[in-house]
Amino acid sequence: MSVAALHKVDLKPKDYKSEVSVVWCPGCGYHGILNSIYRALSELGVDYANLMAISGIGCSSRTPYFIKSYKMHTLHGRAGPVATGAQLARPDLAVLVTGGDGDGFSIGGGHMPHMARKNVNMTYVLYDNGIYGLTKGQYSPTSRPELKAYTTPYGGPDEPMNPLLYMLTYGATYVAQGFAGKPQICAELIKGALEHKGFSYVNIFSQCPTFNNIDTVEYYRELVKEVPADHDTSDLGAAMELARRDAEGHAPIGLLYKVDRPTLDERLHKIVEKVGGHPGYDVNKIIDLARP
Ligand SMILES: Cc1ncc(C[n+]2csc(CCOP(=O)(O)OP(=O)(O)O)c2C)c(N)n1
Ligand code: SF4
């Protein structure tokens, strides 16, 4: 996140609520994630005049409506590229992307590697409920084959992908995982992600009681296990090992990986500086190059 947005105001979590009422089903894990976002913003003292919340399409992508900030509700799978544009145009803004597993890793899967690899200075919170919620329950890239869903009435024909392992492979500089049923941990992880300079990714397991009848709160409670206190968060190999899950199949929750690397806007700025670029540059010099 841009330092320009941090530690600027003294606001309570509720002060980040917009005037729009939350539309999610009762019992949806997204309520917990949203509250964790409010809490993280409040604890960091983020000035909402410098905050840009951007989403794709899905239940999770409704999040920006509920946050007091500048915002964009874009197209399915395209929140990341739109956010990259916003961040590069205004590196002083804090950019927060929210979206679902279908939005991020199905239709948006082509953009994920490049946001991470380029180390775009923004935070991506992915609400992972193992289903397409808004379109009434089709299986997603994180669904387990056991899930009998709308388009897979006999179960899924393939294995789920591993969001954490993908992001570690793509080169994200902050990779964490939470569970909506543990809002305190989620708030801490989102806070760390927002504070981090670089591409930060937080995967949050979240129950969809309306359409996913196997990834329940109880299932996730059994699934997750906190990252060991002695885990070295600068060790990529150790982070990948955790992401692959332990012998009992537990999914890690906590911070897996965090390193410092120059961000895309820093690198671009250096290039502009090197060539002496400035807003008043005479564009005719470039046009002249094309003359026969
Ligand atoms: C280009 C395009 N294809 C398909 C859709 C239909 N669509 C709307 S939301 C959605 C997926 C929602 O699932 P997910 O991204 O996991 O978010 P959730 O609703 O579970 O939060 C799809 C396929 C669309 N809006 N645009
Ligand atoms: S359909 Fe599922 S993901 Fe969407 S609001 Fe309802 S419970 Fe949440």
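See the structure above.
Just so it is clear, the structure is predicted and the values come from calculations on it, not from any experiment.

A. Quick look at the pattern of salt bridges. All told, the structure shown has nine salt bridges when counted by the stated rule. Residues D288 and R291 are paired through a salt bridge, measuring 2.8 Å at the closest nitrogen-oxygen approach. With relative accessibility at 39%, the residue D288 sits in the partly exposed group. Each member of the salt-bridge network shares a partner with another, and the members are R144, E146 and D215.

B. Main features of the environment of A40. Along the chain, A40 falls in helix α1 (residues 30-44). Overall, A40 belongs to the buried group, its relative accessible area being 1%. Sequence-distant contacts of A40, defined by excluding residues within four places in its chain, comprise A187, I190, K191 and L194.

C. Structural view of the site of ligand 1. Around ligand 1, 17 residues are found, and the nearest of them are Y30, C59, S60, D103 and G133. A distance of 2.9 Å is found between an oxygen atom of ligand 1 and a backbone nitrogen or oxygen belonging to G133. Between ligand 1 and the protein, one listed contact pairs an oxygen atom with a backbone N or O atom of L134 at 3.0 Å. Look at ligand 1: alone it shows 590 Å² of surface, and the protein chains cover 73% of it. Per element, the largest residue contribution to the shell around ligand 1 is four residues, and it comes from helix α3 (residues 101-107).

D. Inspection of the packing of aromatic side chains at higher detail. With the rule as written, the count across this model stands at eleven aromatic pairs. Ring centres 5.6 Å apart and planes at 85 degrees place the aromatic pair Y166 and Y170 in the edge-to-face group. Note that Y166 and Y170 are positioned in helix α5 (residues 163-170) at a spacing of four residues, about one turn of the helix. Y166 sits in the partly exposed class, given a relative accessible area of 35%. The positively charged end of R144 is found above the aromatic ring belonging to Y219, 3.8 Å away from the centroid.

E. Expanded view of the sheet that holds strand β3 (residues 94-100). One open sheet holds the eight strands; their spatial order is β2-β1-β3-β4-β6-β5-β8-β7, and the pairing between them is mixed. Every interior strand has two partners, whereas the edge strands, β2 (70-73) and β7 (224-226), have only one. Across the sheet, the mean angle from the axis of one strand to that of its neighbour is 20 degrees, orientation sign disregarded. Relative to strand β6 (residues 199-205), strand β5 (residues 174-179) runs parallel, the two being bridged by six bridges. Note on β6: the bridge partner recorded for G178 is I204.

F. Examining the nonpolar core more closely. Formed by 39 residues in total, the largest nonpolar core has its most connected members in I33, I37, L41, V46, I67 and I204. Put simply, the parts of the chain that give this core at least two residues each are α1, β3, β4 (122-128), β5, α6 (183-195), β6, α7 (217-223) and β8 (251-258). It is α1 that provides the largest number of residues to this core, a total of eight residues. Ranked by size, the runner-up nonpolar core spans 30 residues in total, among them A79, F105, M115 and M122.

G. Expanded view of the side chain of Q87. Counting through the fold element by element, Q87 comes out in helix α2 (residues 79-89). Assessed through its relative accessible area of 0%, Q87 is described here as buried. Excluding anything up to four places from it in sequence, Q87 contacts V95, V120, N121 and D265.

H. Geometry of unusual backbone geometry. Of note, the phi angle at K136 is positive, near 75 degrees, even though the residue is not glycine. By secondary structure assignment, the location of K136 is in the loop between β4 and α5. According to the relative accessible area criterion, K136 is exposed, its value standing at 53%. One non-glycine residue, R245, lies in positive phi territory at about 75 degrees.

I. Representation of α6. For α6, built from 13 residues, the straight-helix expectation of 18 Å at 1.5 Å per residue is met to within 8% by its first-to-last C-alpha distance of 18 Å. Those residues of α6 that fall on the buried side of the exposure criterion are I185, C186, A187, L189, I190, K191, G192, A193 and L194.

J. Summary view of α1. Helix length check: α1, at 15 residues, gives a terminal C-alpha distance of 21 Å against a target of 21 Å (1.5 Å per residue), a fit within 8%. Those residues of α1 hidden inside the fold are in contact with β1 (51-55), β3, β4, α6 and β6. Just beyond α1, the residue with positive phi is G45, at close to 65 degrees.

Calculation notes
- Numbers given for residues are sequential positions, taken from 1 along each chain in its written order.
- The order in which chains are written sets their letters, starting at A; the order in which ligands are written sets their numbers, starting at 1.
- Selection of residues for local features in this predicted model requires a pLDDT of at least 70, selection of side-chain atom pairs for listing and counting requires 80 or more, and totals for whole chains, interfaces and linings are taken over all residues.
- With hydrogens and water stripped out, all remaining heavy atoms of the structure feed into the side-chain values.
- Criterion for a salt bridge: a side-chain nitrogen of Lys or Arg within 4 Å of a carboxyl oxygen of Asp or Glu.
- Any residue under 20% of the maximum accessible area for its type is buried, any over 50% is exposed, and the rest in between are partly exposed; the area is computed with a 1.4 Å probe on protein chains only.
- Helix and strand assignments come from DSSP, with helices taken as H or I runs of at least 4 residues and strands as E runs of at least 2, each series counted from the N terminus.
- Should any heavy atoms of two residues lie within 4.5 Å, those residues are considered in contact.
- One heavy atom within 4 Å of a molecule or strand is enough for the residue carrying it to be called near that molecule or strand.
- For the purposes of these results, a polar contact is taken to be a pair of N or O atoms within 3.5 Å, where, inside protein, one atom must be able to donate a hydrogen and its partner to accept one; residues adjacent in sequence count only when each atom of the pair is a side-chain atom.
- For the area figures, the Shrake-Rupley method with a 1.4 Å probe applies, and any residue is considered shielded solely by the protein chains shown.
- Note on ring pairs: Phe, Tyr and Trp rings are taken, using the six-membered ring of Trp, and paired if centres are within 6.5 Å. Classes follow the plane angle, with under 30 degrees stacked, over 60 edge-to-face and the rest tilted.
- Note on geometry: a ring has a charge over it if NZ (lysine) or CZ (arginine) is within 6 Å of the ring centre and within 35 degrees of the ring normal.
- Two strands qualify as a pair provided that DSSP identifies no fewer than 2 bridges between them.
- Only the stretch in contact is used when fitting a helix axis, every axis being a line fitted to C-alpha atoms; angles between N-to-C directions are given from 0 to 180 degrees.
- Only buried residues count toward a nonpolar core. Its members are Ala, Val, Leu, Ile, Met, Phe, Trp, Tyr and Cys residues joined through side-chain atoms within 4.5 Å.
- A helix is expected to span 1.5 Å for every residue after the first.

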